[in-house]
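Per-entry structural report
The lines below spell out each chain.
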Amino acid sequence: MDKPWKISRGPIAATELDVEKANAINTLLIRPVGVLPAKAGEPVLPFAVGLFNELRPLLKPDAGVTTLRRATAAYVHGRRYYFASAQPDSMRHDLDGEPVEPLSPEDRLVAQKRFLSLKQTTGKADVPEPTAPVPAPVLSKSEQIRAALLGKRNAAS
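Just so we're clear, the structure is a prediction, and the values are computed from it rather than from any experiment.

The rules behind the values
Residues numbered from 1 in each chain as written. Predicted model: local features only at pLDDT ≥ 70, side-chain atom pairs only at ≥ 80, totals over all residues. Heavy atoms only, no water. Helix = DSSP H or I, 4+ residues; strand = E, 2+ residues; numbered from the N terminus. Contact = heavy atoms within 4.5 Å. Expected span 1.5 Å × (residues − 1). Buried < 20%, exposed > 50% of the residue type's maximum accessible area, 1.4 Å probe, protein only. Arc of directions from axis to C-beta. 1 Å grid on protein atoms, 1.4 Å probe; cavity = no way out; pocket = protein on both sides within 12 Å on 5 of 7 lines; lining within 4 Å. Points joined across faces, edges and corners; volume = space filled by probe spheres on them. Nonpolar A, V, L, I, M, F, W, Y, C, P; charged D, E, K, R; others polar. Polar contact = N/O pair within 3.5 Å; in protein donor to acceptor, adjacent residues only side chain to side chain. Pairing = 2+ DSSP bridges. Axes fitted to C-alpha atoms, helices over the stretch in contact; angles between N-to-C directions. Parallel < 35°, antiparallel > 145°, perpendicular 65-115°, else oblique. Left-handed = near helix turned anticlockwise from the far one by under 90°.

Turning next to the side chain of Thr72. Mapped onto the secondary structure, Thr72 falls in helix α3 (residues 65-76). Residues contacting Thr72, with those up to four places away along its chain left out, are Ile25, Phe47, Phe52 and Leu55.

Okay, structure coming up:
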């Protein structure tokens, strides 16, 4: 996997989770930005280099920069964002969602590797291990009294 993909999957559609992450960013800003999807099905657009520095001036006075940084990180480190960035025809976009430059082959390869890594780990997480419920121990009346008395003695120590 040392070469970027050559076949494009076209625009990568945002899921409800992507939109929730985008909304988390937009609620911190004085106005919504066009680079983020507003509803499921809209394309996930890779950010232009330095876009976070353009988001900071749009931060609401009562919102913190750290909160914006975390919300943005949650969005850009998502599986579909990496998938969109890994496409051969992927472009970087400005705040308004306008394309500004193509992603470099190096950036596309990094996105491709991160996408595949996330796909592999989330695929494993989707299948939970079956666990048998552990029954509560059955205590006799005398064991319950003994445990209560010992608990009081340990609490007094």
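So that's the structure; there's more coming.
Turning to α3, a few remarks are in order. With 12 residues, α3 extends 16 Å between its outermost C-alpha atoms, agreeing within 8% with the 16 Å of an ideal straight helix rising 1.5 Å per residue. When α3 is considered as a whole, its buried residues turn out to be Leu68, Ala71, Thr72, Tyr75 and Val76. Down the axis, α3 shows its buried residues gathered within 125° of arc, on one side only. On its buried face, α3 sits against α1 (16-26), α2 (51-55) and α4 (79-86).

Moving on, we get to the layout of surface pockets. Each pocket or cavity is described by its volume, and for the largest pocket that value is around 350 Å³. Taken together, 20 residues form the lining of the largest pocket, with Val76, Tyr81, Tyr82, Arg92 and Arg114 sitting closest to its centre. Split into classes, the residues belonging to the lining of the largest pocket amount to 12 nonpolar, four polar and four charged. Of the pockets and cavities examined, the second largest pocket occupies roughly 180 Å³. If you trace the second largest pocket, you find 13 residues lining it, with Gly10, Pro11, Val44, Asp89 and Ser90 closest to the centre.

Our next topic: the side chain of His93. If you trace the backbone, His93 turns up in strand β1 (residues 91-93). One polar contact links the side chain of His93 to the main-chain carbonyl oxygen of Met91, over a distance of 2.9 Å. The residues touching His93, leaving out its near neighbours within four places in the chain, are Val35, Leu45, Pro46, Phe47, Ala48, Leu51, Glu98, Pro99 and Val100.

Strand direction decides the pairing type here: β1 and strand β2 (residues 99-102), joined by three bridges, are antiparallel. From the neighbouring strand, Met91 faces β2, where its bridge partner is Pro102. In textbook terms, the turn of a hairpin is the stretch between consecutive antiparallel strands, and for β1 and β2 this stretch comprises five residues, one of which, Gly97, has a positive phi near 90°.

Two elements in contact, α1 and α3, have axes whose closest approach is 9 Å; the angle formed by their N-to-C orientations is 160°. One element, α1, and the other, α3, form an angle in the roughly antiparallel class. The two elements α1 and α3 cross, and the hand of that crossing is left-handed. Along its contact with α1, which presents Asp18, Lys21, Ala22, Ala24 and Ile25, the element α3 presents Leu68, Ala71, Thr72, Ala74 and Tyr75. Looking at the contact of α1 with α3 residue by residue, the class counts come to seven nonpolar, one polar and two charged.

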